[in-house]
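Now for the letters of each chain:
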Amino acid sequence: RFRGDQLESVQVDGDQADFSHQPEGLRRIFGRADSIRLETATGKLTFSGNTSYTDGCNRLASSRISYNMNDGTVTDDGHPATQGQATLCLDQEAT
């Protein structure tokens, strides 16, 4: 979706849409979902339907995941019936 000549948001739908982001100095982020929506003004991505997120170490699967490209925060939808499952690992290089 555009506002004037500025890209405001993008939505990708598919059998499984894929996303990849390389934050500077951090692990590459991978996401997959039935639908991925990016709000360009806020850097917020919303993964909906059969979602998964990983940075190569930490993993999250849920019905809906939000990822903020600006600050790196990741959350699931928070609903008790659909909360995701997460696997976290310690970053040995950070210790």
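A brief structural summary. (Residues numbered from 1 in each chain as written. Predicted model: local features only at pLDDT ≥ 70, side-chain atom pairs only at ≥ 80, totals over all residues. Heavy atoms only, no water.)

Before going further, it helps to spend a moment on the pairing of strand 6 (residues 59-68). Note that strand 5 (residues 44-54) and strand 6 share nine bridges and pair antiparallel. Residue pairing across strands places Ser-48 opposite Arg-64, the latter belonging to strand 6. Where strand 5 hands over to strand 6, the hairpin turn is made up of four residues, of which Gly-56 adopts a positive phi near 90 degrees. As judged from the three bridges shared by strand 6 and strand 7 (residues 74-76), these two strands associate in the antiparallel manner. Each bridged residue has a counterpart across the sheet, and for Ser-66 the counterpart in strand 7 is Thr-75. Between strand 6 and the antiparallel strand that follows it, strand 7, lie five residues; Gly-72 among them carries a positive phi value of about 80 degrees. (Pairing = 2+ DSSP bridges. Helix = DSSP H or I, 4+ residues; strand = E, 2+ residues; numbered from the N terminus.)

All told, the structure shown has three aromatic pairs when counted by the stated rule. Aromatic side chains Tyr-53 and Tyr-67 sit 5.9 Å apart centroid to centroid with 40 degrees between the ring planes, which places their arrangement in the tilted category. Residue Tyr-53 is located in strand 5, and its partner Tyr-67 is located in strand 6; the two are separated by 14 residues in the primary sequence. Among the residues examined, Tyr-53 registers a relative accessible area of 10% and is labelled buried. With a relative accessible area of 2%, Tyr-67 lands in the buried category. Among the aromatic residues, those joined into a ring-pair cluster are Phe-19, Phe-47, Tyr-53 and Tyr-67. (Phe/Tyr/Trp six-rings, centres within 6.5 Å; stacked < 30°, edge-to-face > 60°. Buried < 20%, exposed > 50% of the residue type's maximum accessible area, 1.4 Å probe, protein only.)

Function-wise, these values are silent; they only describe arrangement.
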